[in-house]
Amino acid sequence: MNLAVLTYIYRKGYNIYTGLLEGKLVLNTKELIYSELLSEIVKLKIKPGEFIKENDLSLRFKISRTPLREILKRLEAEGYLTVLPRHGTKVTLIDPISVRQMLEMRIQLETKVQKDLIFNLTLKDIETLGECLKSQETALTDKDIELFWELDNQFHERLFSLAGKSLWWDIIRKYEAHYMRYRRLAMADDNNFELLYIHHKNILKSITERKIEEIEPQLLSHVGFCTEKMPVLLYKYPEYFKK
């Protein structure tokens, strides 16, 4: 595994170790392969609708068919792959309906989370979120887009956690197979990460200044800005979307 993959897995916090052997950490090969395939699908390196050949993956990762199929079944269960009898396994097409529903759900849940935080956020919490924003600014300056993506998720995850709604965030992550790839495609087409950073700053500002009336409009702009690009993306990349 290359350094980029290991860095990605470290940032995601995946459990890639199974124990100790002669004082050394033992890598969980299945978890590493799962994480790399997931990364490639989410980043659109493996395109929606693209077929995945078990034999090629087996040779690439030097793994037998049985554990490889377990990995593919896991990705299928999470909505990233589709198994077609007598045809093979392919990456699921992005479902516009699922994307819209996820956007609606995030707006509803995050509105509640941020309104709750207006009356419960401590100075320490504000400092923690502020540090995350500083890291995002550094990532933008360094043009480290992958790090920015991770810090973007981290910012929202911390909001849910601080509001005592971690389960809500887990539910969002569980059903984000279509939304995350759509968002990646939308940002690749636009590349306006500076706007996301400004949104984050405004979100924290509204919470700390207790401007409850600004919460929902800002979320509509932040989470929902991708919705405006749907017609353009459907026209430019029809082969990536479910009809």
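This one's a predicted model, so the numbers in the text were calculated from it and none came from an experiment. (Residues numbered from 1 in each chain as written. Predicted model: local features only at pLDDT ≥ 70, side-chain atom pairs only at ≥ 80, totals over all residues. Heavy atoms only, no water.)

Asks: Which residues make up the packing of helix α6 (residues 123-141) against helix α7 (residues 145-162), and what values go with them?
Replies: Between two packed helices, both the angle of their axes relative to each other and the distance between the axes serve to describe the pair. Between α6 and α7, whose axes approach to 9 Å, the crossing angle comes to 170°. Between α6 and α7, the interaxial angle falls into the category roughly antiparallel. Both α6 and α7 take part in a crossing whose hand is left-handed. In this structure, α6 uses D125, T128, L129, C132, L133, S135, Q136, A139 and L140 to contact α7, whose residues at the interface are L147, F148, L151, D152, Q154, F155, R158, L159 and L162. (Axes fitted to C-alpha atoms, helices over the stretch in contact; angles between N-to-C directions. Helix = DSSP H or I, 4+ residues; strand = E, 2+ residues; numbered from the N terminus. Parallel < 35°, antiparallel > 145°, perpendicular 65-115°, else oblique. Left-handed = near helix turned anticlockwise from the far one by under 90°. Contact = heavy atoms within 4.5 Å.)

Asks: Lay out the packing of helix α5 (residues 96-118) against α7 with the relevant residues and their values.
Replies: One can describe the packing of α5 onto α7 by two numbers: an axis separation of 9 Å at closest approach and a directional angle of 60°. The angle between α5 and α7 places the two elements in the oblique class. The two elements α5 and α7 cross, and the hand of that crossing is left-handed. For the pair formed by α5 and α7, the contact residues are R106, L109, E110, V113, Q114 and L117 on the first element and H156, L159, F160 and L162 on the second. Its residues assigned to classes, the contact of α5 with α7 comprises six nonpolar, two polar and two charged. (Nonpolar A, V, L, I, M, F, W, Y, C, P; charged D, E, K, R; others polar.)

Asks: Before we move on, can you summarise the sheet that holds strand β5 (residues 88-91) with the specific residues and values?
Replies: Strands sit in the order β3-β5-β4 across an open sheet of three strands; the sheet is antiparallel. Edge positions in the sheet fall to β3 (51-52) and β4 (81-84), since each has one partner strand and no second. Judged from the four bridges that link them, β4 and β5 form a sheet pairing that is antiparallel. By the bridge assignment, V83 is partnered in β5 with T89. (Pairing = 2+ DSSP bridges.)

Asks: Any details on the environment of R183? Residues and values, ideally.
Replies: Along the chain, R183 falls in helix α9 (residues 177-190). Expressed as a C-alpha distance, the spacing of R183 and V99, which sit 84 residues apart in the sequence, is 8.9 Å. If we ignore the near neighbours within four places in the chain, the residues touching R183 are W149, D152, L196, H222 and C226. Reaching out from R183, the side chain makes a polar contact with the side chain of D152 at a distance of 3.1 Å. (Polar contact = N/O pair within 3.5 Å; in protein donor to acceptor, adjacent residues only side chain to side chain.)

Asks: Break down the pattern of salt bridges for me, with residues and values.
Replies: Scanning all chains against the criterion turns up 16 salt bridges. As a salt-bridge pair, K112 and D116 come within 3.2 Å of each other at their nearest N and O atoms. In this pair, K112 and D116 both sit in helix α5, four residues apart, roughly one turn of the helix. Salt-bridge contacts for D152 lead to R183; the nearest nitrogen and oxygen are separated by 3.1 Å. Of this pair, D152 sits in helix α7 while R183 sits in helix α9, and the two are 31 residues apart along the sequence. Considered together, D152 and R183 belong to a single accessibility category, that of buried residues. Ionic contacts of the salt-bridge type, sharing partners, join the residues E31, R74 and E78 into one network. (Salt bridge = Lys/Arg side-chain N within 4 Å of Asp/Glu carboxyl O. Buried < 20%, exposed > 50% of the residue type's maximum accessible area, 1.4 Å probe, protein only.)

Asks: Help me get a handle on the nonpolar core, residues and values and all.
Replies: Judged by nonpolar contacts, the single largest core of 46 residues is most densely connected at L159, Y182, I207 and F241. Going through the elements one at a time, α5, α6, α7, α8 (166-174), α9, α10 (193-208), α11 (212-222) and α12 (230-236) are the ones with two or more residues in this core. For this core, the element with the most residues is α5, which contributes eight residues. Counting 19 residues, the second largest nonpolar core, distinct from the first, contains L37, F61, Y80 and A177. (Core = buried A, V, L, I, M, F, W, Y, C linked by side-chain atoms within 4.5 Å.)

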